[in-house]
Structures are given as C-alpha cells and as structure tokens.
Amino acid sequence: MNENKEIPTGWAVVKLGDLVVDPKRDLVDGPFGSNLKAGEYTDSGVPVFKIQNIKENQFLDKNINYITEEKAKSLLRHSFVSGDLIITKLGDPLGLCCKVPEKYKYGIIVADLMRLRPNNLAVYDQFLIYAINSKVVQDQFKAITKGTTRPRVNLTIVRDIELPLPPLPEQRRIVAKIEELFSRLDKGIESLKTARQQLKIYRQAVLKWAFEGKLTNKSVKEGELQKGWKWLKLGDISEMCLGKMLDKTKNKGDFQPYLRNISVRWGIFDLSYLEKMRFEEFENERYGLKKGDLVVCEGGEPGRCAIWKSNEPMYIQKALHRVRMNNGYDTTYIFYFIFYSALNGHLEKYFTGTTIKHLTGKELKKVTFAIPPTLEEQQDIVAEIESRLSVCDNIEETIEQSLRQAESLRQSILKKAFEGKLVPQDPSDEPASKLLERIKMERDKIAAGQPPVNRRSRNISKGIASKERYVNRKKEYEQRSQ
C-alpha cells in the first residue's frame, strides 16, 4: 500500500503486525509437514483445518480431519480458537481469509495456513477479514509472490503487509454497509445463477424435443418411430477406428501433431498443448483426420466428442475414436444425439469397466440412434437445434458478463470502503492512532509479565485447560460406569 496516499482524518496506515499484541504468538503459521503427518489423523479428537477449508470470508465445513489431544498439545503454538482468523499462505490466489466458526472451540492448522489473533481493542475482526480479502491486501500478496511457480509467503513478510485503519466505530459502520450492499448483490447473483441453471435445463429439453421429432413434427412415440424413421447403430452408418498407440521405441515415420483425450471438449477442440509423434505414410488414412470427422473420447469422460472442421493435418492417439459417417448421414446430427445421450445417462449403458469407465470401439458401434429418412430432414433438425442453442449461448454470455460485473462491483464496494468513501466519518470518533497506542500499552504489559486484555489472547490457554478437564471427567465417568 502506498503510504503517501491520502487517507481520511482519524485513519492510520498500519501493518498487519501492528494489530496484534504479540506478533510472534498472535500471527503464526502451521507446523512443518514432518511435525504433522496424514498418518496421525484420527476419526475424532482435536480438529485440523486444511487449506481446502478456507475461502474468501467463508469457512467450508467439510472433510475435517482430527488428531489426538496429546498430539495437539505438542502443536500448541499452531492452535486456533473460535473467532480467530485463518489465512491461506499457499495457492493461487493466496491470502484468503475467514473466521473460525463458533462450533470449533479449539484446533490446529496445517503448514499452508496462518492463524491471526487481532487485538479486539483496536480492530473489528470482520473489518479486518474484508480488508485482507480486498484488492488493497490481495495486490500486496500478488507482488510478494510474483514470478514464483508455487506461490507461498512467510510470516515476516505477512506481518509487514499494510492496510488502512479507521476509528473503531467507523470500522463497524463500514462492515454494516458492506454487508448491506453485499446482501443485495448476492440476491442478484443468485438470480443470475438460477437463470443459468434454467438455461441448462432448456438446452436438454431442446435436444429431447429434437430427437422426439417435436421440432419438425416428426415424432417418436412409445418407442415406435414415425414413418420413414429408423433405429440404426453407429457401426452400421459409419467407418471408425481407434487412434495410434504412442510407442517412442517402435513408432516410425514423420513427426505429426496428434490429439489426446485432453484435446477434446464437448463440441470444440483445445489445441493449446499439442504434442507430436511419428506416423508412417500408409497410416495417414487410418489415423489422420478429415474435415467433418467426429472425434470421440474412449476414456476420461467416455463419449465426449467434437467434429473436426479444419483442413489442417491432424492425427489421433489411442485414447480417441475417429468416426467418419457414410453418405446420407449428417455428422452434426450424430454429435448432438451423443451429447443428448450423455446428458440423460443413456450413453452409460455402453461403458465398460467398474471404477474407470471406457467406451470401446466394439461398444461405440452399438450406440443406437433414431434417424429420419433423409439427409435433408437430419439437417433441418440440426438447424432447429442450433437456432435455439444459439439463443441460449447469447443469453448465457450475458449472464456470465453480469456475473463478472457483479464481482467487479464487489471489489468496487471494498475499494470505496478502504478509501473512506463508503460511509461518512464522525469527528467525535476516537482516532486510529489512539487504538495503536492501546495495543502498545498491551505489549508493554506483556513485557512486564502482566496478562493482556485481548479476550482471545487471554482465554486460549484457559479454553484448552477447560477442554482437558472435560475429557478427564468423561474418562472418569466411563471408568466408574464399568
């Protein structure tokens, strides 16, 4: 943060370490990995928070691990109590912050997290959470980790991160206004997400109508087709093959680009990470793609497919099937039918394997389609599908744009908040400089061997002791009951 940037009267630019009484105890990270191993986790006991549990102003209460009371005692420095703040020190983005829920009275953090115990005489914890998750602090995290392959920060640097600090009453007014505006924003976002889900349902309905003949008045009724329609297997109306096995010691010929499973998305190809392998000239016809070929995934997400629409040379690896339709059959019609079959679960009956599913060439040939009698009718159905889906795409892009704008608005609200422009200042508020003096007094007390006033700092050992007494009483009761 730029210290020269003008801040409102009564505010102060502070470092994160200024907001705690004891920087070395009130802002700590988790234990080294060797001090807390996954093999020490138990089904019950003292909870352990991991990086997956911490999101922006949100604690994800799932997949919680535990350790024994004895192990937790050995990791006391890395403990938290309810109301503490937890910050991620690894990941992209890092520096995400949320509060420990009230239900978790005591626990331990892992190495990729930090626990912050701000002094509540100087800072309102929810204000600090919003500040840490705002662009003001997040930009500092990004600057610290710029150019690193695995972003991570250390405590010394984090203690020096700067943020603006208003008077305590103003902090509370700012939080109230943020939450009022965020509540309205969240309602709008929820409506947009509901609309996006409804589009997904509509897309499935469009495909269902298409293959029931409802888009062109050619319908399938109770398993029987309208006059001229047929049930046909893919193997009867196409020529197909599986791609070439990659074997660097045996492959011969010229190096050519080839598609892998990861290259095929629904309806499109991702050519970002193409690799090359050797293909001999006689293999061009078998493994090379022609414009209009359907490329189908054998594994990963079996059946996922797209149509190759380029004249550029391209080949396929063994993880993919190449399907080339016979004359009289529209490839796009077949693509949409496979997509529809994947959405409604019908395609799964052709999969082999238990835990890892595959769509073998033998089973792909068995996939059955309801097909109108002429190529023209197939193309008419495709045109109707794409006309409706195009409208869906346009609406979805508008929704996505609105969601992006909503996120920008969220950051704009936070920006105004930490520039002092979200709520009016009150000249009668005690200035932030006085709050910092109060923290200094607390530090002086610690130096003199006196207990600090900050409730959480004072009560953590007391809370742990209470938990131990509870456990001991429970054991005594169980022994007497035997």
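Residues numbered from 1 in each chain as written. Predicted model: local features only at pLDDT ≥ 70, side-chain atom pairs only at ≥ 80, totals over all residues. Heavy atoms only, no water.

> How do you make sense of the overall build of the protein when you look at a structure like this?
Regarding its fold elements, the protein presents 12 helices and 23 strands. Every one of the 482 residues in the protein was classed for burial, and the buried ones make up 44%. Across the protein, the fraction of contacts at a sequence separation of at least 24, relative to all contacts at a separation of at least 6, is 77%. (Helix = DSSP H or I, 4+ residues; strand = E, 2+ residues; numbered from the N terminus. Buried < 20%, exposed > 50% of the residue type's maximum accessible area, 1.4 Å probe, protein only. Contact = heavy atoms within 4.5 Å.)

> In this structure, what is going on with the packing of helix 3 (residues 125-133) against helix 4 (residues 135-145)? I would like to understand it.
A packed helix pair is summarised by two numbers, namely the angle formed by the two axes and the spacing between the axes. As a packed pair, helix 3 and helix 4 sit with axes 4 Å apart at the nearest point and diverge in direction by 50°. The pairing of helix 3 with helix 4 is recorded here as oblique in orientation. Between helix 3 and helix 4, the residues in contact are A131, I132 and N133 and K135, V137 and Q138, respectively. Broken down by class, the residue content of the contact of helix 3 with helix 4 amounts to 3 nonpolar, 2 polar and 1 charged. (Axes fitted to C-alpha atoms, helices over the stretch in contact; angles between N-to-C directions. Parallel < 35°, antiparallel > 145°, perpendicular 65-115°, else oblique. Nonpolar A, V, L, I, M, F, W, Y, C, P; charged D, E, K, R; others polar.)

> Quick question: what am I supposed to make of the pairing of strand 8 (residues 85-88) here?
Remember that side chains alternate between the two faces of the sheet whenever the strand is regular. Side chains L85 and I87 project from strand 8 onto one buried face, and the interleaved I86 and T88 project onto a second face that is buried too. Where strand 8 lies against strand 9 (residues 97-99), 3 bridges are found, and the strand directions are antiparallel. Looking across to strand 9, one finds that I87 is bridged to C97. Here strand 8 runs beside strand 11 (residues 113-116); their pairing, made up of 4 bridges, is antiparallel. Residue I86 lies in a different strand from strand 11, and its bridge partner there is R115. (Pairing = 2+ DSSP bridges.)

> What is the right way to look at the sheet that holds strand 22 (residues 320-325) in this model?
Sheet strands pair via backbone hydrogen bonds, and the direction of the pair is either parallel or antiparallel. Strand order in this open sheet of 4 strands is 16-22-19-20, and the pairing throughout is antiparallel. What marks the edges here is a single partner per strand, and that holds for strand 16 (238-242) and strand 20 (305-307). The sheet shows a mean angle of 20° between the axes of neighbouring strands, taken without regard to direction. Bridging between strand 19 (residues 294-297) and strand 20 involves 3 bridges; their strand directions are antiparallel. Residue V296 lies in a different strand from strand 20, and its bridge partner there is C305. Along the sheet, helix 8 (residues 331-343) makes contact with strand 19, strand 20 and strand 22, crossing strand 20 at roughly 165°.

> Just to check I follow, could you spell out the sheet that holds strand 9 for this structure?
The strand order across the open sheet formed by 4 strands is 2-11-8-9, and the pairing between neighbours is antiparallel. Unpaired on one side and paired on the other, strand 2 (27-29) and strand 9 mark the two borders of the sheet. Recorded for the sheet is a direction-independent mean angle of 25° between the axes of neighbouring strands. Its contacts with the sheet place helix 3 against strand 8, strand 9 and strand 11, and it is angled at close to 160° to strand 9.

> Just checking my understanding: could you explain the pattern of salt bridges for this structure?
As a working rule, side chains carrying opposite charge can pair if their charged atoms are close by. Counted under the stated rule, the structure contains 35 salt bridges. In this structure, R196 engages E400 in a salt bridge whose closest nitrogen and oxygen atoms are separated by 2.8 Å. Taken as a pair, R196 in helix 6 (residues 168-211) and E400 in helix 10 (residues 375-417) lie far apart in primary sequence, 204 residues in all. Judged by relative accessible area, E400 falls into the partly exposed class, the value being 23%. Ionic contacts of the salt-bridge type, sharing partners, join the residues E285, K290, D293 and R324 into one network. (Salt bridge = Lys/Arg side-chain N within 4 Å of Asp/Glu carboxyl O.)

> Would you mind going over the environment of P23 with me for this structure?
Within the secondary structure layout, P23 lies in helix 1 (residues 23-26). Sequence separation between P23 and R117 is 94 residues, and the spatial gap between their C-alpha atoms is 9.3 Å. With sequence-adjacent residues up to four places away left out, P23 is seen in contact with G17, R159 and R443.

> I tried to follow helix 6 on my own but got confused; where do I start?
Because an α-helix packs 3.6 residues into every turn, residues spaced three or four apart end up facing the same way. In this model helix 6 runs 64 Å from its N-terminal to its C-terminal C-alpha over 44 residues, within 8% of the 64 Å that 1.5 Å per residue would give. Positive phi shows up at G213, right after helix 6, with a value of about 80°. (Expected span 1.5 Å × (residues − 1).)

> I would appreciate a short explanation of the nonpolar core in the present structure.
Side chains of nonpolar character tend, in soluble globular proteins, to be buried together. With 40 residues, the main nonpolar core has L116, L128, I132, F141, L163 and I178 as its most contacted residues. Broken down by element, this core gets its largest block of residues, 6 residues, from helix 3. Not counting the four nearest positions on each side in its chain, L116 is found in contact with L16, V20, D26, L27, D84, L85, I87, L128 and I132. By size, the runner-up hydrophobic cluster in this structure holds 36 residues, among which are M240, I334, Y340 and F369. (Core = buried A, V, L, I, M, F, W, Y, C linked by side-chain atoms within 4.5 Å.)

> Got a minute to help me understand the packing of aromatic side chains in this structure?
Note on aromatic pairs: each is described by the distance of the centres and the angle between the planes. Going through the model one piece at a time under the given rule, you end up with 19 aromatic pairs. With a centroid separation of 4.6 Å and an interplanar angle of 55°, the aromatic rings of F211 and F337 are classed as tilted. Of this pair, F211 sits in helix 6 while F337 is found in helix 8, placing the two residues 126 residues apart along the sequence. Considered together, F211 and F337 belong to a single accessibility category, that of buried residues. Where F335 meets F339, the ring centres are 6.2 Å apart and the plane angle is 10°; that geometry is what we call stacked. Linking F335 with F339, this pair stays in helix 8, spanning 4 residues, or about one helical turn. The class of F335 is buried, set by a relative accessible area of 9%. The class for F339 is partly exposed, based on a relative accessible area of 22%. (Phe/Tyr/Trp six-rings, centres within 6.5 Å; stacked < 30°, edge-to-face > 60°.)

> Please clarify how the confidence of the model for the protein should be interpreted in this entry.
Any region with low pLDDT has predicted coordinates that should not be read closely. Looking at the protein as a whole, its pLDDT mean stands at 88, while 89% of the residues score no less than 70. When mean pLDDT is taken per element in the protein, strand 19 scores highest with 98 and helix 12 (residues 455-481) scores lowest with 46. (pLDDT = per-residue confidence, 0-100.)

> What is the right way to read the packing of helix 6 against helix 8 from this model?
With their axes 10 Å apart at the nearest point, helix 6 and helix 8 run at an angle of 120° to one another. By the criterion of interaxial angle, the relationship of helix 6 to helix 8 is oblique. Helix 8 is crossed by helix 6, and the crossing has left-handed handedness. Only Y333, Y336, F337, F339, Y340 and L343 of helix 8 make contact with helix 6, whose side of the interface consists of Q204, L207, K208 and F211. (Left-handed = near helix turned anticlockwise from the far one by under 90°.)

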